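Results of the structural survey
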Amino acid sequence: QVQLVESGGGLVQPGGSLRLSCAASGSIFSINSMGWYRQAPGKQRELVAGVTSGGSTSYAESVKGRFTISGDNAKNTVYLQMNSLKFEDTAVYYCTANIRTDSQSPTYRYWGQGTQVTVSF
């Protein structure tokens, strides 16, 4: 059993900052990559940022230069530092991780429960 637990969401004013955290726990053999998706009301879920176990990162165009993703392999944790937040960043943010639970298993994608980020006055 694998669990992803997110924290750090909340209400912030435009131009403000938030830091999201996501810790993976359970039967983990290896983590290939971790990332963040978001889903705004009435919209499809979209990739925000990702990081591989080797440290390579990728970002959606809409957040480049404002968001920074980082990972701590020793803690099986991924962070998303969000700066210069805009109204359109309002969404539920979901952590995801591609995990193998033992040396013989394939890689499966796991999801967190989501954390709300609201950008408003």
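Above this note sits the structure.
Analysis parameters
- Residues numbered from 1 in each chain as written.
- Predicted model: local features only at pLDDT ≥ 70, side-chain atom pairs only at ≥ 80, totals over all residues.
- Heavy atoms only, no water.
- Core = buried A, V, L, I, M, F, W, Y, C linked by side-chain atoms within 4.5 Å.
- Buried < 20%, exposed > 50% of the residue type's maximum accessible area, 1.4 Å probe, protein only.
- Helix = DSSP H or I, 4+ residues; strand = E, 2+ residues; numbered from the N terminus.
- Contact = heavy atoms within 4.5 Å.
- Salt bridge = Lys/Arg side-chain N within 4 Å of Asp/Glu carboxyl O.

1. Digging into the nonpolar core
Counting 29 residues, the largest nonpolar core has Trp 36, Leu 80, Met 82 and Tyr 93 as the members making the most contacts within it. For this core, the leading source of residues is strand S9 (residues 91–100), giving 5 residues. Beyond its immediate stretch of four places on either side in the chain, Tyr 93 contacts Glu 6, Leu 20, Trp 36, Tyr 37, Arg 38, Val 48, Phe 67, Leu 80, Met 82, Gly 114, Thr 115 and Val 117.

2. What to know about the environment of Leu 11
Tracing the backbone through its elements, the reader meets Leu 11 in strand S2 (residues 10–12). Along the chain, Leu 11 and Glu 46 lie 35 residues apart, while their C-alpha atoms are 20 Å from each other. With residues near it in sequence (within four places) discarded, Leu 11 still touches Thr 118 and Ser 120.

3. Overview of the pattern of salt bridges
Proximity of charged atoms lets side chains of opposite charge pair with each other. Inspection of the entire model under this criterion finds 4 salt bridges. Between Asp 89 and Arg 38 there is a salt bridge, with its nearest N and O atoms 2.9 Å apart. Placement of Asp 89 in the loop between strand S8 (77–82) and S9 and of Arg 38 in strand S4 (residues 30–39) is noted, with a sequence separation of 51 residues between them. In this structure, Asp 89 and Arg 38 share a single accessibility class: buried. For Asp 89, the salt bridge identified is with Arg 66, shortest N-O distance 2.7 Å.

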